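The lines below spell out each chain.
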Amino acid sequence: MKYVLFYTPAEDVMEKAPLHFPAHQSRIGQFHDRGDILMVGTFGDPVNQGSMAIFPTRESAEAFVAGDPFVLEGVVRSYEIREWDEVLT
């Protein structure tokens, strides 16, 4: 089982994201170095479609969100964590 985090961007994402991207990217790197994030990226139209990340555990997804500058600074309007039953490994 994996856990997928979906971010819905805030209305002013294009104004806020550049300000907080370095700290957000650093957090991604820290989680990746520990193996606590497997994949992350935006959809084709990130302003309207948002982004997602895949985590090995719900705990790692929740920990990421709890301290992510994009969440704390309102770059994302909302988020959702879903269980994902990966078929191919």
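Residues numbered from 1 in each chain as written. Predicted model: local features only at pLDDT ≥ 70, side-chain atom pairs only at ≥ 80, totals over all residues. Heavy atoms only, no water.

J.: Could you give an account of the packing of aromatic side chains, with specific residues and numbers?
T.: Summed over the entire model, instances satisfying the criterion amount to 3 aromatic pairs. Their ring planes at 90° and their centres at 5.2 Å tell us that phenylalanine 31 and phenylalanine 64 sit as a pair that is edge-to-face. With a gap of 33 residues between them, phenylalanine 31 in helix α1 (residues 13-34) and phenylalanine 64 in helix α3 (residues 58-67) connect regions that are remote in the sequence. Neither residue differs from the other here; phenylalanine 31 and phenylalanine 64 are each classed as buried. Taking the centre distance of 5.6 Å and the plane angle of 50° together, the rings of phenylalanine 55 and phenylalanine 64 count as tilted. Residue phenylalanine 64 is classed as buried on the basis of its relative accessible area of 2%. The ring of phenylalanine 64 carries arginine 27 above its face, with NZ or CZ at 5.7 Å from the centroid. One cation-aromatic arrangement involves arginine 34 over phenylalanine 31; the distance from NZ or CZ to the ring centre is 4.4 Å. (Phe/Tyr/Trp six-rings, centres within 6.5 Å; stacked < 30°, edge-to-face > 60°. Helix = DSSP H or I, 4+ residues; strand = E, 2+ residues; numbered from the N terminus. Buried < 20%, exposed > 50% of the residue type's maximum accessible area, 1.4 Å probe, protein only. Lys NZ or Arg CZ within 6 Å of the ring centre and 35° of its normal.)

J.: Kindly report on the sheet that holds strand β4 (residues 76-84), identifying the contributing residues and their values.
T.: Sheet architecture is open: 4 strands sit in the order β2-β3-β1-β4, paired in antiparallel fashion. Because the sheet does not close on itself, it has two edges, and the strands there are β2 (39-42) and β4. This sheet shows a mean twist of 15° between the axes of neighbouring strands, independent of strand direction. With 8 bridges connecting them, strand β1 (residues 2-9) and β4 associate as antiparallel partners. What sits directly across from valine 4, in β4, is arginine 82. (Pairing = 2+ DSSP bridges. Axes fitted to C-alpha atoms, helices over the stretch in contact; angles between N-to-C directions.)

J.: Describe in detail α1, supporting the description with residues and values.
T.: The sharpest bend along α1 reaches about 55° and sits at histidine 20, with the proline proline 22 one to four residues further on. Listed as buried for α1 are Val13, Ala17, His20, His24, Arg27, Ile28 and Phe31. In this structure, the buried residues of α1 make contact with β1, β2, α2 (46-49), β3 (51-55), α3 and α4 (69-72). (Bend = angle between axes of the 7 residues up to and from the residue. Contact = heavy atoms within 4.5 Å.)

J.: Any chance you could break down the side chain of aspartate 68 for me, citing the residues and the numbers?
T.: Counting through the fold element by element, aspartate 68 comes out in the loop between α3 and α4. An unpaired buried charge is present at aspartate 68: no salt bridge exists, and arginine 27, the closest side chain of opposite charge, is 5.3 Å distant. With near-sequence residues (within four places) excluded, aspartate 68 lies in contact with Tyr7, His24 and Arg27. (Lys, Arg positive; Asp, Glu negative; His and termini not counted. Salt bridge = Lys/Arg side-chain N within 4 Å of Asp/Glu carboxyl O.)

J.: Before we move on, can you summarise the packing of α1 against α3 with the specific residues and values?
T.: The axes of two packed helices give the description: the angle between them and the distance between them. With their axes 11 Å apart at the nearest point, α1 and α3 run at an angle of 155° to one another. Our classification of the angle between α1 and α3 gives roughly antiparallel. The element α1 and its partner α3 pack so that their crossing is right-handed. Along the contact surface, α1 presents His24, Arg27, Ile28 and Phe31, while α3 presents Ser60, Ala63, Phe64 and Gly67. Counted by class, the contact of α1 with α3 contains 4 nonpolar, 3 polar and 1 charged residues. (Parallel < 35°, antiparallel > 145°, perpendicular 65-115°, else oblique. Left-handed = near helix turned anticlockwise from the far one by under 90°. Nonpolar A, V, L, I, M, F, W, Y, C, P; charged D, E, K, R; others polar.)

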